[in-house]
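Structural overview for review
Letter by letter, the chains look like this.
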Amino acid sequence: MAQVLTPTAAPGSPAEGAEGVRSAGSDPARASAGALAACNATLVVENMYCGGCMRKVEQALLQQPGVASARANLSARRVTVTCSTGRVSTDDLIEALAGAGFKAAPLLDEPAAAARSADRDLLRRVGVAGFAAANIMLLSVSVWSGQSGDMDTSVQTLFHWLSALIALPTVAYAGQPFFRSAVQALRARRLNMDVPISLGVLLATGMSVYQTMRGSQQVYFDAAVSLLFFLLIGRYLDQLMRSRAAGAAANLLGLRGSMATVIHADGGTERLPARSLAPGMRVLVATGERIGVDGRILEGRGGVDESLITGEADPAPVAPGRQVFAGTLNMGPPLVVEATATDESTLLAEIGRLMTAAEQGRGRYVRLADRAARHYAPAVHLLGLATFVGWLLTGHGWEPALTAAIAVLIITCPCALALAVPAVQVAAASRLFGRGVIVKAADGLERLAEADTIVFDKTGTLTLGEPRLVGGGACSDGLLARAAALAASSHHPYARAVVREARDRGLDPVAATDVREVAGAGLVRDTAAGEERLGSAVWCGVEGEAGDVATLWYRPAGGEAAAFRFEDRLRPDAGEVIATLARAGYRVELVSGDRPAAVETAAGEAGIAQWHARQNPAQKIARLDALKAAGCKVLMVGDGLNDAPALAAAHASISPSTAADVSQTTADVVFQGERLVAVVEALAVAKAARRMALQNFALSLGYNVLFVPLAVAGYATPLIAAIAMSSSSIAVTANAVRLRSKRLEL
Amino acid sequence: MTALAWLIPAALALGGLGLAAFLWALKTNQFEDLDGAAWRALQDEETRAPEQPGRR
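Residues numbered from 1 in each chain as written. Chains lettered and ligands numbered in written order. Predicted model: local features only at pLDDT ≥ 70, side-chain atom pairs only at ≥ 80, totals over all residues. Heavy atoms only, no water.

Some words on the environment of Arg-614 of chain A
All names here are of chain A.
- Its place among the elements puts Arg-614 in the loop between strand E23 (610-612) and helix H21 (617-629).
- Between the alpha carbons of Arg-614 and Glu-312 there is a distance of 8.7 Å; along the sequence they are 302 residues apart.
- Dropping the residues within four chain positions of it, Arg-614 is found in contact with Glu-312, Ser-592, Gly-593, Asp-594, Arg-595, Pro-596 and Gln-619. (Helix = DSSP H or I, 4+ residues; strand = E, 2+ residues; numbered from the N terminus. Contact = heavy atoms within 4.5 Å.)

Focus: the sheet that holds strand E9 (residues 302-305) of chain A
- Read across the sheet, three strands follow the order E10-E9-E12 (chain A) without closing on themselves; strand pairing throughout is antiparallel. At either margin of the open sheet sits one strand with a lone partner, and together these are strand E10 (316-318) and strand E12 (329-330) of chain A. (Pairing = 2+ DSSP bridges.)

Considerations on the confidence of the model for chain A
- Mean pLDDT over chain A: 81, with 89% of residues reaching 70 or higher.
- With pLDDT under 50 throughout, residues 1-37 of chain A is counted as low confidence; its partners more than four residues away or in other chains account for 53 contacts. (pLDDT = per-residue confidence, 0-100.)

Overview of the domain arrangement of chain A
- For chain A, the assigned domains are domain 1 (4-107), domain 2 (111-245), domain 3 (257-345), domain 4 (427-464 + 570-684) and domain 5 (468-567).
- When each unit is reduced to the centre of its C-alpha atoms, the spacing between domain 2 of chain A and domain 3 of chain A is 58 Å. (Domains from an automatic or database assignment.)

Brief notes about the side chain of Arg-468 of chain A
All names here are of chain A.
- Along the chain, Arg-468 falls in strand E16 (residues 463-470).
- Take Arg-468: its relative accessible area is 11%, and that puts it in the buried class.
- A distance of 3.2 Å separates polar atoms of two side chains, one belonging to Arg-468 and the other to Glu-674.
- Apart from the residues lying within four places of it in its own chain, the contact partners of Arg-468 are Ala-497, Arg-500, Arg-565, Phe-566, Glu-567, Arg-569 and Glu-674. (Buried < 20%, exposed > 50% of the residue type's maximum accessible area, 1.4 Å probe, protein only. Polar contact = N/O pair within 3.5 Å; in protein donor to acceptor, adjacent residues only side chain to side chain.)

Brief notes about the sheet that holds strand E1 (residues 40-45) of chain A
Residue and element names in this part refer to chain A.
- A sheet is described by the order of its strands in space; here four strands give the open sequence E2-E3-E1-E4, paired in antiparallel fashion. Where the open sheet ends on each side, the last strands, each with one partner, are strand E2 (67-73) and strand E4 (104-106). Direction aside, the axes of adjacent strands within the sheet are offset by 25 degrees on average.
- Both E1 and strand E3 (residues 78-83) contribute to a ladder of five bridges, which runs antiparallel. Residue Leu-43 lies in a different strand from E3, and its bridge partner there is Val-79.
- Contacts from helix H3 (residues 51-62) reach E1, E2 and E3 within the one sheet, and its direction differs from that of E2 by about 160 degrees. (Axes fitted to C-alpha atoms, helices over the stretch in contact; angles between N-to-C directions.)

Shown next, in the form of structure tokens:
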């Protein structure tokens, strides 16, 4: 690829250079001078799908000197490496994996660690509650069957005491997540679902202990503990979905996280992760490489594809002194960029400000289950209280009154709210996960289901965000094949586009030998008939076209130069997707930062009637606000940095996995792959999930209507309570599982 | 009825054994990679590091 440039002179004083080194010295990766990994490294491996791959990955890594162990995790698509002696650079490991055919990257940071310990904590509680529920149920069943037979009261009391022995520590341990959350809610003077749950469980347990002492039959240990068990399963599913999404998102960012070539003051170069760069460092950006850092160009002129920042598809001409942004693609000769801190006046700072404002402006969305709980919790408490008072007023003692009230609390305990919604969400998220769509926000699907207007960005969202040859039919197969043979040895995006076009035509180009690449100019090869060249207009000796950066020229030996024009093409299924959305009644708009002509063409091809061009981030937000004011709930689909504020401001947001880091982090949903149909799929699943959550509410309401009168009247024996609760929990979960394989249409 | 005196503790102990096994499995990362574990069960040999000098 690119040659290493010899720096002409170190910019700035030696003191400035030392400053850069010192600030970077705090980073352990940097301190080890070229050896990136300490003795533990976790790599993300993108295309590890099966057991065979897992083994190949491990073996490839173990062949590396100094690697003591490598353990792949297929579910997480990660591999953890420990080394035995000295240090192993992660670069070497990634190289080794690339040799074995795997794309790997170091994991940027591990946000999942805290989530994983929370996962485990909940799972442990689920296990304990499950054990206790099973054993208490065993004892309870014998008591219930004994009641109609010849069971001795003393044996019954013994069984109750045994149940208490199991139930008390279980409630104290497994109930903690609910108690904690209930206390928090009460402190904030709110009611959430956990308040009636905690109250029900604690009252039922306390009352049962009292009744056990008295030798009565109204003992609810089984109900209290199995309630905890079911609710914990719901809580665990919810947590699992969150941590899985967080892990997948971290993987995506890791795979995108770029490496940068840093030029030291002594002229030596070193590959460092882009995020460990400090202001003042000089970075070499090769042709076709993404710029890893925000900075100013010191050397080199050419073109930079800034579509991720501005939405403009054609490369922008750059020269020394110009500001460039992380994530943009160098389309010209190698550049030397000096990393700068984010300046308050730059586009980036502006986007940062807009993001903060947008996030504050977006009212906190209240999840479906919480909204239901707001009405449900007070109703339940009132009902319990009314039962208690009613029994007292009709002349019964406080004991039967309290027992009836507790039975009401147990029967009405919001299993459907706490279990059914997470179960539906998990089923929906894992269905989408299987199709490369990652739901990142916990309430993302719910908000997605409410959207009625969809705003698309153009470059990188509606289009592929990479150059494709246009008007390829103009050149003959022979010409294309010869140009592709030259292009095959280059990493330049245009060269790769030529090779791809040749492949698409079934030409199967083979890289020609002894091709020389002159960075920023083009490729040349000596043949018997003379020189053939592929590159810029100047390189191929074409007059008057020098300013056009989106064209590649090919001059065969002794022949006339031919032009290849490049354009960012629409995603293959864009038109179809827009048509489907329109049919489903969505209002679709295109809002882009690109030139009006380019936007109009794209809108026309995709079939979008409403489009806005040359929109800066603030104007995009203004457009969303206008839609919001008109009563629309907007789904924003975008990828660029310029879309990030709009993604944050919209009711729901989707990004492709090629999006800028900030956008990907902001978006509720991220989809992988070339096909836009993922948007339709996400919407369809979100709507189905919402339908199913409502169905589940209806189901559990049905149970309540059936059993609450019994409880109020005092007929809810422990047996009836147990049956009502378990069967409603199982019914709603079974309903949710249907979502996994159901046929869905938008 | 005397049967209960040992049946109940036996039942609880067996259940407790299951719980202990579950907690042990959780603690030793047995649930970390369920997809991978399914494949590993089918692999004939362990992937092993090449002989490190000084190990034998």
